[in-house]
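Residue strings, one per chain:
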Amino acid sequence: MEVIIGADDTIFRCGDELIVRLPQLGQWRYKYPKLNATLKLTGASGEKVLQVNLSDRLTPEAMVIDVVGFGACSAVSLEVKDATGKSVHAQQVSPVPTVTILNTLPLQNNTFAAIEPGSKLDPSATPRIALPDLTKLRMQDLTGATRTVTTDSITYPVITDADLPGIASNNGTILSRQSFAPDDPTKVSLYFSYRKAIYDTSTTKLKEWRKMLIEVPLDRAWLNKQGDETITLPLDGFAIHTTEERELANPRWNDPLGYNMLGGSSSGLYQGGQSVEVDDQGRIYISNVADGAGIVRFNPHTGKFEQPPVCFQAETRKFVPETPGIKRNWDLDDAKLVCTRGRLYIVFDRNYRVSTPNGEFETCSGVVSVPLENWHDAEVFRKDIRLHAACWPTAKVPLYNDELIVGSSRKAGAPVATKRGITFGTYRLDLDANGNTERLSVIKTIRDPSDAAGRSLPPTEFETIKGLQRQRYINIGAAGRQFVRLAYGECSISRAAIALSMPDAPADLIADSTGRHRTTFSGAPSGELTIRFDITAKIKRDPQRFATLAAAMIGISQGPNYAVIDAPGEADRVIGVCDYNYFYSKLDFSRRVAERKVYKSYLPLMSNGQVTGQPASVGLGPYNSTWVEHDNALWLYITGYTGISRIKYAEGGKTLAGFTAEHIHGRLLPQPIDVVTRDNVKDFLYVLPATDNRLINIGRGRVGRGGGARSAGLELFDPSTLGKSQSAVEMNRCYGLFTPLSRLIYSPSGSPVRQEIYAASGNIRREYVEDITDPAQRPKNQDPKIFAYDCASGAGLRDLYGFSLPLNPNGDNSANLVFSPCHQFLVVMQGGGTLLTYSLAQRRFVDGLQLRNSAGEPIHLLDYSKPSAWIWTAPDGQIFFHAALDGDASKSVNFFNVQVTNAGQITVAPQLAVTWDKVGQVKDFNRIVRCFLPDLNKHDGSYDLVLGGDSDNGGQPTVRVIDDFVPAQ
């Protein structure tokens, strides 16, 4: 037990706040179960005792006690005990040191922060905050650290004995003929898109992605039963379709034989919207394989992938005119498909022009078609490739009458078959019986009797299959009829949906009178099927056929690129989300010193009460994670793209054998505290612990992709019951909320514990401002802000106020927040390296510092991702940031320690540098995921810093570890 008697800078008084710091709290939580603290205050009001649950993850390492009603405090004693009553730490301070916050920061002349009042702000408590003069801040020139490590020394390959393929498209589950019985139109299969990373074993670099379709036949016998059922298909009961065939006659700069016909990029087959189509013979056409054959199809009659008998890119490029000074090509990355009149029509969607040092480039939109037959006769096929319309004004059938200017763009739209041809965007393309162009018209709706030029049009209507448009009928995935829910190696589908997927399902059961698809029908069989298929076992059973895939199933594997999370209480282990499949992995660092490798295994999926051999998946793209304890269990919450996912990780102190992700956001029923309904949330960014075992989520919308001015905000909910929640969105309308923090305010008078919450806004979204049609409802001041909320025990969420930040002369006004170690101050870092401290109790800026490199230039800050942060704290409260002092030309990345005194004064000291021999690795330390790994073997207070990869650039099959980033204490 550690005993401290006498003055210590971890216990002091500043104004009406008594601060009690426990820098070792993070380590104690790992070492001792169920920690509790007894805090005794002695003074003029007598003796007051506070009991604090230190095991609660909401309790920070710095306790703030409001002593405004207590008066003078002459002595403080603190004792920390574990669950057995054993004393872990004792501390006595008498007299209690007093800290005075000085007024040293240069201020702007009579300039104050703009205040955005919240719905719960008492007008008499409106703050008046003087803004600092950022042009007069102290300057500090940063120099590199003397403690250095090299990238090679901290980089470890990630190794696994089961590197699995993953789902490449949740949006597309295609319904088509069975390759097991291709001539029987009454038999159908589900076709799922999967992909697998292939690595160079000598360099550990990613070579390519191998793409495949998994075919699961639907069995009519499944309709003869009722109720839920799990079906495990035999290895011969499903198929894996892939190919080693190269693209035809299209040598590449780095491969004269051309790439795999399916392409080698990370984009999955039919991952993009409407990049898949099925003809009447059940052949599945796939576009958007620009790094492959351009257009491919899977033919169930041959059981093989096929490509056009000519180079599709080269032949269609012949239609594109040559213009001096401009290089044109089709939009092969966004080509949308529709089959009609015995032909495949390809609508190249985007038309944009850019200017580069190498000249002007235009990506072209237009309509091209190819025959469905003669895919093995090059001469006949070549002669039958047709151009129907194009974006350049000199085309025979032009989409536009003007040339595109540099920097602008436009879209053609997605095609739909009609009785007279196709329609796409605002266009109607009529075709004759042989698929030739009759007319191109600009329309508003398909029912228009005349086009935009006033020319009369014959009536037409959409082509349907049993009342549904073809694209909706053939796709039963998330972007179609939404019958199927996917996990690796299994799918779930109701018996009713299987009946509706059969070719002989009556039309009146497929769609209602409005053209909407049905999901069930009167008399439908009940129950849901979970269909499992062991992809790994099938590949391993036939290593000759699946040679490339089989060889890639073991060995090098993706490192943590989407999330890396400490595993509480587990030495040398972290949880990772490594690849686009969003599988949960456990990374084992215990052998990295001896073998210079990190080993990865998957967390097993619990499905229908059974532990399976399949991996558990987050089920969404992760942005952030939080460990939460409730209902006698330890839960891992992950916020991400479109939702919040959680798994129960341990119960009764024991890690579970299997895991099931549960998506909870749809079960929340927000009740606005500000009388304003929350807009749709596209990105759930954070989950924070809140008082009374509650949680707070913070999300935002995405311009053009869902949401609006009032998407971003706070939502308070009970994780045990879900249901009704409280939301607050009006105060911060048009702003996002980032780097949220919270501190607890205790009271010796017995008042409930109060949680204060702060978040930085970033820059305002101008698009959202314009969406608010009433100017009076728009934010009056649109500078970046810090927003304040609170949530007391036994009470609800309150939105208090936002205050504007000083404008940065460097031009980047967005900010990130952390707490100072004593939790009295917000530490604000703005772009370019401006640091400020802000006293929460006194509501004023205290100190500031402008950071520069040795050349006097603003520093190049590097960002962490998921969650995004320029400035961040270690578990012991120390503050860090990292930067490339010479920008992208740097040959090192430096980590710096921001030191803040108990009076709010700032200094910055170098902590460590990572160096390399070659220029160009700065990007490897930007927008990466990270976590701290405590030494649970020595329990010496040290932390390793674990650095993952950047999911946006494809990730990496390695992980980096900086030993003792926080040294032993």
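Everything numeric in this text was worked out from a predicted model, so none of it was measured.

Overview of the overall build of the protein
A tally of regular secondary structure across the protein gives 11 helices and 74 strands. By the compact-globule yardstick of 30 Å for 969 residues, the protein fits well, its C-alpha radius of gyration being 31 Å. Across its three principal axes, the protein shows a C-alpha extent of roughly 95 × 60 × 60 Å. Within the protein, the fraction of its 969 residues that count as buried is 56%. A fraction of 62% describes how many contacts in the protein between residues 6 or more apart in sequence connect residues 24 or more apart.

Topic: the pattern of salt bridges
For the structure shown, the criterion picks out 63 salt bridges. Of the charged contacts in the structure, one is a salt bridge between Arg-410 and Asp-402, with a shortest N-O distance of 3.0 Å. Put simply, Asp-924 and Lys-923 hold a salt bridge, and the shortest N to O gap is 3.3 Å. Residue Lys-923 is classed as exposed on the basis of its relative accessible area of 51%.

What about the nonpolar core?
Membership of the largest hydrophobic core comes to 58 residues, with the highest contact counts inside it found for Phe-192, Tyr-194, Ile-214, Tyr-270, Ile-284 and Phe-533. For this core, the element with the highest residue contribution is strand β17 (residues 188–199), accounting for 5 residues. Among residues more than four places away in sequence, those in contact with Phe-533 are Phe-192, Tyr-194, Ile-214, Val-216, Leu-233, Phe-238, Gly-489, Glu-490, Cys-491 and Gln-614. Core analysis: the next-biggest nonpolar cluster, separate from the first, contains 40 residues, Phe-348, Cys-364, Ala-390 and Leu-429 among them.

Overview of the packing of aromatic side chains
One pass over the structure, following the stated rule, counts 33 aromatic pairs. Pairing Tyr-580 with Tyr-582 gives two aromatic rings, centres 5.3 Å apart and planes at 50 degrees, and the pair type is tilted. Note on Tyr-582: relative accessible area 15%, which makes it buried. Each member of the aromatic cluster is reached from another via a ring pair, and the members are Tyr-864, Trp-872, Phe-880, Phe-895, Phe-932, Tyr-943 and Phe-965. Looking at Arg-128, its charged tip hangs above the ring of Phe-112, at a distance of 3.7 Å from the centre.

Details of the side chain of Arg-694
If you trace the backbone, Arg-694 turns up in strand β56 (residues 694–700). Side-chain polar atoms of Arg-694 contact the side chain of Thr-691, separated by 2.8 Å. Each residue touching Arg-694, except ones within four places of it in the same chain, is listed here: Leu-688, Pro-689, Leu-716, Phe-717, Asp-718, Pro-719, Cys-791, Ala-792, Gly-794, Ala-795 and Gly-796.

A few points about the domain arrangement of the protein
One can read the domain layout of the protein as domain 1 (11–99) and domain 2 (164–550). Taking only C-alpha atoms into account, the centre of domain 1 sits 64 Å from that of domain 2.

Some points on the sheet that holds strand β55 (residues 683–690)
With respect to topology, 5 strands assemble into an open sheet ordered β54-β58-β57-β56-β55, the strand pairing being mixed. The strands lining the two open edges of the sheet, one partner per strand, are β54 (668–672) and β55. With direction set aside, neighbouring strand axes in the sheet form an average angle of 30 degrees. Where β55 lies against β56, 7 bridges are found, and the strand directions are antiparallel. When the bridges of β56 are listed, Pro-689 appears paired with Leu-695.

Structural notes on the sheet that holds strand β24 (residues 304–306)
The strand order across the open sheet built from 4 strands is β21-β22-β23-β24, with neighbouring strands paired in antiparallel fashion. With one partner strand each, in any of the chains shown, β21 (276–278) and β24 form the two edges of the open sheet. Recorded for the sheet is a direction-independent mean angle of 25 degrees between the axes of neighbouring strands. Note that strand β22 (residues 284–289) and strand β23 (residues 294–299) share 4 bridges and pair antiparallel. Each residue of the ladder has a partner; that of Val-289, found in β23, is Gly-294.

Comments concerning the pairing of strand β73 (residues 943–947)
The element β73 is extensively covered by neighbouring structure, given that 5 of its 5 residues are classed as buried. Where burial is concerned, the two faces of β73 agree: the one with Tyr-943, Leu-945 and Leu-947 and the one with Asp-944 and Val-946 are both buried. By the bridge criterion, 5 bridges tie strand β72 (residues 930–934) to β73 in an arrangement that is antiparallel. From the neighbouring strand, Arg-930 faces β73, where its bridge partner is Leu-947. Strand direction decides the pairing type here: β73 and strand β74 (residues 958–966), joined by 4 bridges, are antiparallel.

A short note on the side chain of Gln-956
Counting through the fold element by element, Gln-956 comes out in the loop between β73 and β74. Look at Gln-956 and you get buried, because its relative accessible area is 16%. Those residues within four positions of Gln-956 in sequence are excluded, and the remaining contacts are Gln-558, Gly-559, Asn-561, Gly-948 and Gly-949.

Considering the environment of Tyr-488
The residue Tyr-488 is located in the loop between β39 (485–487) and β40 (490–494) in this model. Residue classification places Tyr-488 among the buried residues on the basis of a relative accessible area of 2%. Apart from residues lying up to four places away in sequence, Tyr-488 is in contact with Leu-164, Pro-165, Ile-167, Tyr-194, Ile-535, Thr-536, Phe-583, Gln-614 and Pro-615. Looking at Tyr-488, its side chain comes within polar contact range of the side chain of Thr-536, at 3.1 Å.

As for empty space enclosed by the protein
Within the structure shown, the criterion is met by 3 cavities of 30 Å³ or more. Lining the largest cavity are 13 residues, and of these Asp-163, Leu-164, Ala-197, Trp-209 and Asp-579 sit closest to its centre. A total of 4 residues in the lining of the largest cavity trace back to one element, the largest contributor, which is β17. The residue makeup of the lining of the largest cavity, split by class, is 5 nonpolar, 4 polar and 4 charged.

Side note on the environment of Leu-695
Along the chain, the position of Leu-695 falls in strand β56. Overall, Leu-695 belongs to the buried group, its relative accessible area being 0%. Taking the C-alpha atoms as reference points, Leu-695 and Phe-717, 22 residues apart in sequence, are found 5.5 Å from one another. Ignoring sequence-local partners within four residues, the contact set of Leu-695 consists of Val-628, Tyr-637, Val-687, Leu-688, Pro-689, Ala-690, Glu-715, Leu-716, Phe-717 and Pro-719.

Here we look at unusual backbone geometry
Leave glycine aside and you will find that most residues have negative phi; peptide bonds, for their part, are mostly trans. Cis geometry is found at the peptide bond from Ser-94 to Pro-95, where omega equals -5 degrees. Despite not being glycine, Asp-692 shows a phi value in the positive range, around 60 degrees. Position of Asp-692 among the secondary structure elements: in the loop between β55 and β56. Under the relative-accessibility criterion, Asp-692 is labelled partly exposed at 41%.

Topic: the environment of Glu-245
With respect to the secondary-structure elements, Glu-245 resides in the loop between β20 (239–241) and β21. For the pair formed by Glu-245 and Gly-258, sequence separation is 13 residues and the distance between their alpha carbons is 9.7 Å. Not counting chain neighbours up to four residues away, the residues in contact with Glu-245 comprise Tyr-259, Asn-260, Met-261, Phe-305 and Gln-307. Within the structure, Glu-245 has its side chain in polar contact with the side chain of Gln-307 (distance 3.0 Å).

Digging into the state of the cysteines
Under the criterion given, the structure shown has 0 disulfides. The cysteine Cys-73 is free of any disulfide, with Cys-14 supplying the nearest cysteine sulfur at 14 Å. Summary of cysteine pairing: Cys-311 is not part of a disulfide, and the nearest cysteine sulfur, belonging to Cys-364, is at 17 Å. Accessibility expressed as a relative area gives 9% for Cys-311, which makes it buried.

Rules behind the numbers
Residues numbered from 1 in each chain as written. Predicted model: local features only at pLDDT ≥ 70, side-chain atom pairs only at ≥ 80, totals over all residues. Heavy atoms only, no water. Helix = DSSP H or I, 4+ residues; strand = E, 2+ residues; numbered from the N terminus. Rg over C-alpha atoms; globule rule 2.2 N^0.38 Å. Buried < 20%, exposed > 50% of the residue type's maximum accessible area, 1.4 Å probe, protein only. Contact = heavy atoms within 4.5 Å. Salt bridge = Lys/Arg side-chain N within 4 Å of Asp/Glu carboxyl O. Core = buried A, V, L, I, M, F, W, Y, C linked by side-chain atoms within 4.5 Å. Phe/Tyr/Trp six-rings, centres within 6.5 Å; stacked < 30°, edge-to-face > 60°. Lys NZ or Arg CZ within 6 Å of the ring centre and 35° of its normal. Polar contact = N/O pair within 3.5 Å; in protein donor to acceptor, adjacent residues only side chain to side chain. Domains from an automatic or database assignment. Pairing = 2+ DSSP bridges. Axes fitted to C-alpha atoms, helices over the stretch in contact; angles between N-to-C directions. 1 Å grid on protein atoms, 1.4 Å probe; cavity = no way out; pocket = protein on both sides within 12 Å on 5 of 7 lines; lining within 4 Å. Points joined across faces, edges and corners; volume = space filled by probe spheres on them. Nonpolar A, V, L, I, M, F, W, Y, C, P; charged D, E, K, R; others polar. Disulfide = S-S within 2.5 Å.

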